[in-house]
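Read off the chains here:
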Amino acid sequence: SLGNTYRIFGGITIEEVLVKYEAWLRAALLMAIEKDGFAPNWAVRVRNALVGLREDSILGCWCINKEAGVGKDECHADIIYKVWKEVYRQPTKSS
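Below is a short write-up of the structure. Being a predicted model, the structure only gives us computed values, none of them experimental. (Residues numbered from 1 in each chain as written. Predicted model: local features only at pLDDT ≥ 70, side-chain atom pairs only at ≥ 80, totals over all residues. Heavy atoms only, no water.)

## Section: the packing of aromatic side chains
Here the structure, examined in full by the defined rule, presents three aromatic pairs. Geometrically, the ring pair formed by tryptophan 24 and tryptophan 42 is stacked, given 6.2 Å between the ring centres and 20 degrees between the ring planes. Here the residue tryptophan 24 occupies a position in helix α1 (residues 14–34), and tryptophan 42 occupies one in helix α2 (residues 41–51), the gap between them amounting to 18 residues. Residue tryptophan 24 is classed as partly exposed on the basis of its relative accessible area, which comes to 24%. According to the relative accessible area criterion, tryptophan 42 is partly exposed, its value standing at 36%. Measuring from ring centre to ring centre gives 5.9 Å for tyrosine 81 and tryptophan 84, while their planes differ by 25 degrees; the resulting arrangement is stacked. Here tryptophan 84 and tyrosine 81 lie together in helix α3 (residues 76–87), a separation of three residues that amounts to about one turn. Its relative accessible area of 5% is what places tryptophan 84 among the buried residues. Three or more aromatic residues link up through ring pairs in this structure, and these residues are Tyr21, Trp24 and Trp42. (Phe/Tyr/Trp six-rings, centres within 6.5 Å; stacked < 30°, edge-to-face > 60°. Helix = DSSP H or I, 4+ residues; strand = E, 2+ residues; numbered from the N terminus. Buried < 20%, exposed > 50% of the residue type's maximum accessible area, 1.4 Å probe, protein only.)

## What to know about the pattern of salt bridges
Taken as a whole and judged by the stated rule, the model has five salt bridges. Close ionic contact of arginine 47 with aspartate 36 constitutes a salt bridge, the shortest N to O distance being 3.2 Å. On the criterion of sequence distance, the pair formed by arginine 47 in helix α2 and aspartate 36 in the loop between α1 and α2 is long-range, its members being eleven residues apart. By relative accessible area, arginine 47 is classed as buried at 17%. By relative accessible area, aspartate 36 is classed as exposed at 53%. Each of Glu22, Arg26, Lys82 and Glu86 takes part in salt bridges that share partners, so that together they form one network. (Salt bridge = Lys/Arg side-chain N within 4 Å of Asp/Glu carboxyl O.)

Have a look at this one:
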């Protein structure tokens, strides 16, 4: 449900792909929230996948390997985490 369908090809850069992916992810989430009960199934699956994440969830991506220094510094898994933090992350309790 959260896979990146945008591809790098024909002069399209990773940065452009990530901008498109983030716009798609936010639009799907907004659609699922605003049209609750009437949203398309794909948008509901995106929302459900985000709701199911936790702080310790592991998001994988094969387009980069940060440890090996292969690929860019950011990928769609980073976008997923960023959006999840903004929308669903619970504030931590202060002691």
